[in-house]
Amino acid sequence: MVGISGSAASSAALRWAAAEGRLRGANVEAVYAWEWSGGLHAPYAPLAGRSSREDERGAAAEMARLVVDELGEDHVEPAVVEGSPARVLLHAAADADLLVLGADEAAAEPYPVINPIVAACLLRAHCPVVVVLPGMLHGRRSVGGMLAGTVS
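Residues numbered from 1 in each chain as written. Predicted model: local features only at pLDDT ≥ 70, side-chain atom pairs only at ≥ 80, totals over all residues. Heavy atoms only, no water.

A. Fine view of the overall build of the protein. Across its full length, the protein carries 4 helices and 8 strands. The order of helices and strands in the protein, counted from the N terminus, is β-α-β-α-β-α-β-β-β-α-β-β. Within the protein, the proportion of its 152 residues that are buried is 38%. Pairs at least 24 residues apart make up 68% of the contacts formed inside the protein by residues separated by at least 6 positions. Within the structure as shown, the protein displays about 8,900 Å² of accessible surface, and the carbon and sulfur contribution to it stands at 54%. (Helix = DSSP H or I, 4+ residues; strand = E, 2+ residues; numbered from the N terminus. Buried < 20%, exposed > 50% of the residue type's maximum accessible area, 1.4 Å probe, protein only. Contact = heavy atoms within 4.5 Å. Areas by Shrake-Rupley, 256 points an atom, 1.4 Å probe, with all protein chains shown as cover.)

B. Here's a closer look at the nonpolar core. The biggest cluster of nonpolar side chains holds 22 residues, and the ones touching the most others in it are Val2, Val100 and Val132. Within the residue set of this core, elements represented by two or more residues are β1 (2–4), α1 (8–24), β2 (28–34), α2 (53–71), β3 (76–82) and β7 (129–132). Counting residues per element, this core draws most heavily on α1, at 6 residues. If sequence neighbours within four positions are ignored, valine 2 has contacts with Ala13, Leu14, Ala17, Val28, Glu29, Ala30, Val31 and Val100. One finds Ala79, Ala93, Leu101 and Ala125 within the second-largest nonpolar core, a separate group that totals 18 residues. (Core = buried A, V, L, I, M, F, W, Y, C linked by side-chain atoms within 4.5 Å.)

C. Examining the pairing of β7 more closely. On β7, burial covers both faces: Val129 and Val131 on one face and Val130 and Val132 on the other are all buried. Sheet topology note: the strand β4 (residues 99–102)/β7 ladder contains 4 bridges and is parallel. Following the sheet pairing, glycine 102 is matched in β7 by valine 132. (Pairing = 2+ DSSP bridges.)

D. Main features of the packing of helix α3 (residues 85–92) against helix α4 (residues 116–124). Between α3 and α4, the least distance of the axes is 9 Å, while the angle of their chain directions is 35 degrees. At the point where α3 passes α4, the crossing takes the right-handed sense. When α3 is examined against α4, the residues Pro85, Ala86, Leu89 and Leu90 are found in contact with a partner set consisting of Ile117, Ala120, Cys121 and Arg124. Considering only residue class, the contact of α3 with α4 consists of 7 nonpolar, no polar and 1 charged. (Axes fitted to C-alpha atoms, helices over the stretch in contact; angles between N-to-C directions. Left-handed = near helix turned anticlockwise from the far one by under 90°. Nonpolar A, V, L, I, M, F, W, Y, C, P; charged D, E, K, R; others polar.)

E. Molecular detail of the side chain of glutamate 20. Along the chain, the position of glutamate 20 falls in helix α1. Only 2.4 Å separates the side chain of glutamate 20 from the side chain of arginine 24, close enough to count as a polar contact. Residues within four places of glutamate 20 in sequence aside, it is in contact with Leu98 and His138. (Polar contact = N/O pair within 3.5 Å; in protein donor to acceptor, adjacent residues only side chain to side chain.)

F. Molecular detail of the pattern of salt bridges. Overall, the coordinates contain 5 salt bridges when judged by the stated rule. A salt bridge links glutamate 73 to arginine 22, with the shortest nitrogen-to-oxygen separation between them at 2.7 Å. Linking glutamate 73 in the loop between α2 and β3 with arginine 22 in helix α1, this pair joins segments that are 51 residues apart in sequence. Of the charged contacts, one joins aspartate 69 and arginine 65 as a salt bridge, the two residues approaching to 2.5 Å between their closest N and O atoms. Of this pair, aspartate 69 and arginine 65 both sit in helix α2, 4 residues apart, which is roughly one turn of the helix. Among the charged side chains, a salt-bridge network with shared partners connects Glu62, Arg65 and Asp69. (Salt bridge = Lys/Arg side-chain N within 4 Å of Asp/Glu carboxyl O.)

Here it is, written out as structure tokens:
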């Protein structure tokens with residue numbers, strides 16, 4: 001299972017997960033978590049600029065499909081789930097063999113930036129977690145490095 005968001009970090013994670021799935025003969029589920037923004041508008045804000053829950057879900061599904069289609073791997077399927085990203089990913093990974101996530105590199109820091117979603121998954125996932133950096137290629141640890149964590 002891999003978490004996707006459309007970022008460069010999640011694209012690297014998707015490529016890494018697809019290569020790992022191909023190597024192991026496994027299917028890969030690319031999970032895109034989304035939250036409806038409808039509750040974030042002030043009550044006096046104009047209705048014309050608001051999108052419906054269905055419109056936002058459709059946009060999320062389209063983005064997930066485009067990202068997976070661009071990859072061009074037939075063993076990778078998109079899944080779109082409404083909810084907070086950490087909660088969605090942890091729930092989806094409950095029965096997974098592996099959870100793959102992306103992390104961004106910080107130009108001013110020697111270590112990757114571990115955002116709260118990645119941190120929550122590293123701490124709470126019940127399967128191994130691989131964190132991939134942008135530019136990292138499958139099987140080449142020398143390119144950017146890799147962080148991994150598991151829960152015993």
